[in-house]
Amino acid sequence: MKEVGFEKALLRKYPLPVVLATSLDKNNQPNIITLAWYTQTSVKPLMFAISIAHNRYSYETILSSGEFGLVFPPADWADAALFCGTRSGRETNKFQQTGLVPLKPSKIQTPLIEDANAAFECRLVAVTPTGDHSIFVGEAVAAHISDEQKPGLYLLDKGYKLGPVRSK
């Protein structure tokens, strides 16, 4: 191995699985953000961490509501996920614009998204600043799955190309 700059080495991390995080703003308007920086952090209790830049609208909404939905999209949601990751919920109703259908949660107020491969309702338990992002840790309080498991969605490269992982 040889030493290289961070940027060059980071290109080798792709593909990355993609999730959508849902949230509610102070006026109870739903929002969706597309993320590739997330992880499961605990089994008992089940916890997930997501990383969001401080200037993102979802940073505000999750911080103020104290909860988020973690949604695992199928690959055929690539266009909707790209839209949700490149538009701000400050000016855009992403559910209306993408045609994604809100799913009523059972334990939190924030809607999930119908027909996702899986979704978790999460209550915020910790926020840790990490440079230009913060890590939001949520405890899963309910889980949902679709009737059919479809191929997942991946961030394929740095250029925001989304799709399924295909073998070569």
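Residues numbered from 1 in each chain as written. Predicted model: local features only at pLDDT ≥ 70, side-chain atom pairs only at ≥ 80, totals over all residues. Heavy atoms only, no water.

This paragraph deals with the pattern of salt bridges. Tallied over the full model, the rule gives two salt bridges. With its nearest N and O atoms 2.9 Å apart, the salt bridge here joins Arg90 to Glu60. Within this pair, whereas Arg90 is found in the loop between helix 3 (78–86) and helix 4 (94–98), its partner Glu60 is found in helix 2 (residues 57–65), the two being separated by 30 residues in sequence. Of the residues examined, Arg90 reaches a relative accessible area of 44% and is grouped as partly exposed. Overall, Glu60 belongs to the partly exposed group, its relative accessible area being 42%. Between Lys150 and Asp76 there is a salt bridge, and its shortest N-O distance comes to 3.6 Å. On the criterion of sequence distance, the pair formed by Lys150 in the loop between strand 10 (133–145) and strand 11 (154–155) and Asp76 in the loop between strand 6 (67–72) and helix 3 is long-range, its members being 74 residues apart. Of the residues examined, Asp76 reaches a relative accessible area of 55% and is grouped as exposed. (Salt bridge = Lys/Arg side-chain N within 4 Å of Asp/Glu carboxyl O. Helix = DSSP H or I, 4+ residues; strand = E, 2+ residues; numbered from the N terminus. Buried < 20%, exposed > 50% of the residue type's maximum accessible area, 1.4 Å probe, protein only.)

Before going further, it helps to examine the sheet that holds strand 12 (residues 162–163). Strand order in the open sheet formed by three strands is 1-11-12, and the pairing between neighbours is antiparallel. Sheet topology places strand 1 (16–17) and strand 12 at the edges, where each strand pairs with a single neighbour. Relative to strand 11, strand 1 runs antiparallel, the two sharing two bridges. Along strand 11, the bridge assignment pairs Leu16 with Leu155. (Pairing = 2+ DSSP bridges.)

So, about the environment of Gly163. With respect to the helices and strands, Gly163 occurs in strand 12. Here Gly163 falls in the buried class, since its relative accessible area comes to 3%. Taking the C-alpha atoms as reference points, Gly163 and Leu153, ten residues apart in sequence, are found 5.3 Å from one another. Contacts of Gly163, omitting those with residues within four sequence positions, involve Gly152, Leu153, Tyr154 and Leu156. (Contact = heavy atoms within 4.5 Å.)

A few words now on unusual backbone geometry. Look at the link from Tyr14 to Pro15: it is a cis peptide, with omega at 5°. Relative to the assigned elements, Pro15 resides in the loop between helix 1 (6–10) and strand 1. Look at the link from Lys44 to Pro45: it is a cis peptide, with omega at -5°. Along the chain, Pro45 falls in the loop between strand 4 (38–42) and strand 5 (47–53). Positive phi outside glycine occurs at Asn28, with the angle close to 65°. With respect to the helices and strands, the residue Asn28 is situated in the loop between strand 2 (19–24) and strand 3 (30–35). Classification of Asn28 by relative accessible area gives exposed; the value is 56%.

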